[in-house]
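Below are the chains, spelled out letter by letter.
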Amino acid sequence: MPEPLRIAVASGKGGTGKTTLSSALALVAAGRYATRLLDCDVEAPNAALALRPSLSEQRAVSIPVPRVDEARCTHCGRCAEVCRFNALAVTPRQVLVFDELCHGCGSCVWICPEQAMSESEARIGMLDAGTTETGIDFAQGSLDVGQSSGVPILRALKRWTPAAWRVSPRIEIRDAPPGASCAVVETLRDVDAALLVTEPTPFGLHDLKQVVAICRELGLPTAVAINRDGIGDAAVEDYCAEQALPILLRIPLERHLAESLAQGNSLIEAAPEYREPLARLLQGLIELAEAPR
Ligand code: SF4
Ligand code: SF4
């Protein structure tokens, strides 16, 4: 079965219009290809607001967290030493496990010299899936309140094939989490190209550089879209020229557009004149992804 061409839409910080663009790209792609959108922003998934999928399938995501047999434990402390996430505290009388900090890596269980640890499944979030009226296969992950790592949810989201979906989409769009965290790396890890959404301000440039560094490390073909074009200075453009990052779309700041998007409309509903520029953006990303490296 052929793999889809995977495009991630990311940004160094929230509020740049990343989800607006990923959902608009999915809508344009769906007019030409079998398309899937994964909302990977597990702390605040909101691509469903613009795409309005009918969600028909759901499953919980859990990770293995350690449980301690105090009768065997000698309180040696080795499990707490090996935990990189401070999810264990060993006192002379007991071992405390903070489930919400645990990443389920299993290191503590492996290192315990007394075999005093076992594992128990603990829920950390949910996956939801369905389809949209425009024919997009849609899924989102969401992290439970208080949980610290979205990475296991992203891994489950990427592996999941809900029954309602078509078998082999041509295009998969991923709406990445904002920032430059482990969850962003997990989202970008196996895509064919990345679109980075930024704004032409010093903050925008600072955050863009962080996510460009991740893309470079992963060897990803990368392009840029500038939102609120015209509000700041030319530093983002200069940086893109210096780094050979093509700027494939510019969206000027327009009040009517911002108001329509805030009401939950997609970019195409808010401004149908963007359909053609978005189609060119999609084509540019496909060409970038398929170019020999
Ligand atoms: S490594 Fe094992 S024996 Fe040592 S404190 Fe942890 S659970 Fe107890
Ligand atoms: S499974 Fe990993 S993250 Fe969880 S408590 Fe053990 S060492 Fe820490």
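A quick note: this is a predicted structure, and the numbers were derived from the prediction, not measured. (Residues numbered from 1 in each chain as written. Chains lettered and ligands numbered in written order. Predicted model: local features only at pLDDT ≥ 70, side-chain atom pairs only at ≥ 80, totals over all residues.)

Things to note about the site of ligand 1
Okay, step 1: Near ligand 1 there are 14 residues, and of these Cys-73, Cys-76, Arg-78, Cys-79 and Cys-112 occur at the shortest range.
Okay, step 2: In the shell around ligand 1, the residues fall into 9 nonpolar, 3 polar and 2 charged. (Near = placed C-beta within 6 Å. Nonpolar A, V, L, I, M, F, W, Y, C, P; charged D, E, K, R; others polar.)

A look at the packing of helix α7 (residues 202–218) against helix α8 (residues 235–242)
Okay, step 1: As a packed pair, α7 and α8 sit with axes 9 Å apart at the nearest point and diverge in direction by 25°. Relative to α8, α7 is oriented roughly parallel. Counting all contacts with α7, which are made through Pro-202, Gly-204, Leu-205 and Leu-208, the residues of α8 involved are Ala-235, Val-236 and Tyr-239.
Okay, step 2: Along the lines of polarity and charge, the residues of the contact of α7 with α8 split into 6 nonpolar, 1 polar and no charged. (Axes fitted to C-alpha atoms, helices over the stretch in contact; angles between N-to-C directions. Helix = DSSP H or I, 4+ residues; strand = E, 2+ residues; numbered from the N terminus. Parallel < 35°, antiparallel > 145°, perpendicular 65-115°, else oblique. Contact = placed C-beta atoms within 7 Å.)

As for the site of ligand 2
Okay, step 1: Near ligand 2 lie 14 residues; those nearest to it are Cys-83, Ala-87, Cys-102, Cys-105 and Cys-108.
Okay, step 2: Only β3 (54–68) and α4 (107–111) provide two or more residues apiece to the shell around ligand 2.
Okay, step 3: Split into classes, the residues belonging to the shell around ligand 2 amount to 10 nonpolar, 4 polar and no charged.

Observations regarding the domain arrangement of the protein chain
Okay, step 1: When the domains of the protein chain are assigned, the result is domain 1 (5–61 + 125–290) and domain 2 (70–115).
Okay, step 2: Relative to domain 2, the C-alpha centre of domain 1 lies at a distance of 38 Å.
Okay, step 3: Each side of the interface is counted separately: domain 1 has 5 residues, and domain 2 has 4 residues.
Okay, step 4: Its residues assigned to classes, the side of domain 1 that touches domain 2 shows 1 nonpolar, 4 polar and no charged. (Domains from an automatic or database assignment.)

Considering the environment of Thr-35
Okay, step 1: Tracing the backbone shows Thr-35 in strand β2 (residues 35–39).
Okay, step 2: As a C-alpha pair, Thr-35 and Leu-88 span 53 residues in sequence and 43 Å in three-dimensional space.

Remarks on unusual backbone geometry
Okay, step 1: A positive phi angle is found at Gln-115, which is not glycine, with a value near 50°.
Okay, step 2: Position of Gln-115 relative to the elements: it lies in the loop between α4 and β6 (117–131).
Okay, step 3: For Gln-115, a count of 9 C-beta atoms within 10 Å corresponds to the exposed category.
Okay, step 4: Of note, the phi angle at Arg-228 is positive, near 55°, even though the residue is not glycine. (Buried ≥ 20, exposed ≤ 12 C-beta atoms within 10 Å, placed from the backbone.)

Section: the packing of helix α1 (residues 18–30) against helix α11 (residues 275–290)
Okay, step 1: Contact geometry for α1 and α11: axes closest at 9 Å, N-to-C directions at 85°. Judged by the inter-axis angle, α1 sits roughly perpendicular to α11. The segment α1 lies against α11, with Ala-24, Leu-25, Val-28 and Ala-29 engaging Arg-275, Leu-278, Ala-279, Leu-281 and Leu-282.
Okay, step 2: Residues that form the contact of α1 with α11 fall into these classes: 8 nonpolar, no polar and 1 charged.

Overview of the nonpolar core
Okay, step 1: Membership of the largest hydrophobic core comes to 80 residues, with the highest contact counts inside it found for Leu-25, Leu-188 and Ala-194.
Okay, step 2: By residue number, the principal contributor to this core is α1, which donates 8 residues.
Okay, step 3: Aside from chain neighbours lying at most four places away, what touches Leu-188 is Ala-8, Ala-10, Ala-176, Ala-194, Ile-214, Cys-215, Leu-218 and Leu-220. (Core = buried A, V, L, I, M, F, W, Y, C linked by C-beta atoms within 7 Å.)

Quick word on the sheet that holds strand β8 (residues 171–175)
Okay, step 1: Within the open sheet, the 9 strands sit side by side as β3-β6-β7-β2-β8-β1-β9-β10-β11. Their pairing is mixed. Every interior strand has two partners, whereas the edge strands, β3 and β11 (247–252), have only one. Averaged over all pairs of adjacent strands, the angle between strand axes in this sheet comes to 20°, irrespective of strand direction.
Okay, step 2: The sheet contact formed by β3 and β6 spans 14 bridges and is antiparallel. Of the residues in β6, the one forming a bridge with Ile-63 is Ala-122. (Pairing = 2+ DSSP bridges.)

Let's talk about the pairing of β6
Okay, step 1: In this structure, β6 lies alongside strand β7 (residues 137–143), joined through 7 bridges in antiparallel fashion. Within β7, the residue paired with Ala-129 across the bridge is Ala-139.
Okay, step 2: Hairpin connection of β6 to β7: 5 residues between the antiparallel strands, including Gly-135 at a positive phi of 90°.

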